[in-house]
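Descriptive structure summary
The residues making up each chain are set out below.
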Amino acid sequence: MSLSEEDLRKYAAAWNAHDIERVMTYFTDDATYEDVALGLVNTGKPQIREFARSMFDATPDINFEVVSLIVAGDRIASEWVMTGTQTGPSMTGLPSTGKPFSIRGASVGELAGDKIKRNSDYWNLASLLQQLGILPAV
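Below you will find a few notes about this structure. Keep in mind that this is a model prediction, so the values were computed, not measured.

Remarks on the pattern of salt bridges
Per the counting criterion, the structure on display carries 10 salt bridges. Of the charged contacts in the structure, one is a salt bridge between E21 and R49, with a shortest N-O distance of 2.9 Å. In this pair, E21 is assigned in helix α2 (residues 20–24) and R49 in helix α3 (residues 45–58), connecting sequence segments 28 residues apart. For R49, a relative accessible area of 22% translates into the label partly exposed. D30 serves as the salt-bridge partner of K117, at 2.6 Å between the closest nitrogen and oxygen. One end of the pair, K117, is in strand β6 (residues 115–123); the other, D30, is in strand β1 (residues 27–35), with 87 residues separating them in the sequence. On the basis of relative accessibility, which here comes to 32%, the residue K117 falls in the partly exposed class. Each of D74, R75, E110 and R118 takes part in a single network of salt bridges with overlapping partners.

Here is what the cut-offs are and how they apply
- Residues numbered from 1 in each chain as written.
- Predicted model: local features only at pLDDT ≥ 70, side-chain atom pairs only at ≥ 80, totals over all residues.
- Heavy atoms only, no water.
- Salt bridge = Lys/Arg side-chain N within 4 Å of Asp/Glu carboxyl O.
- Helix = DSSP H or I, 4+ residues; strand = E, 2+ residues; numbered from the N terminus.
- Buried < 20%, exposed > 50% of the residue type's maximum accessible area, 1.4 Å probe, protein only.

Everything listed is a geometric property; what it means functionally is a separate question.
In structure tokens:
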């Protein structure tokens, strides 16, 4: 059994509901969640859980709009738009700015049966920093 596009939309809905425990049900126990823009690699459910918690703490209104999804065998890919307002300090030490942002990104991953074994997120950190007023717009 493999995850379907409908399952992946439910996974995104769990992120949007900020339901960490429901998000965790989609991962294998030894899954890897990589945030390429931040240079973070989280291995195993405890680290992934802490990563999610820190995202929700820094951006309590964070939301992911799924633009497209692909499931092909044991590979998955999605394009999304992440929006929110950064009101808390981030896990990477960024100060709280209180400013909203909207960032396009993509995720690619591997499945092990009906669970996510690896997820790698790609998005533009410079765009986020510009929207938060930390970097000047070019």
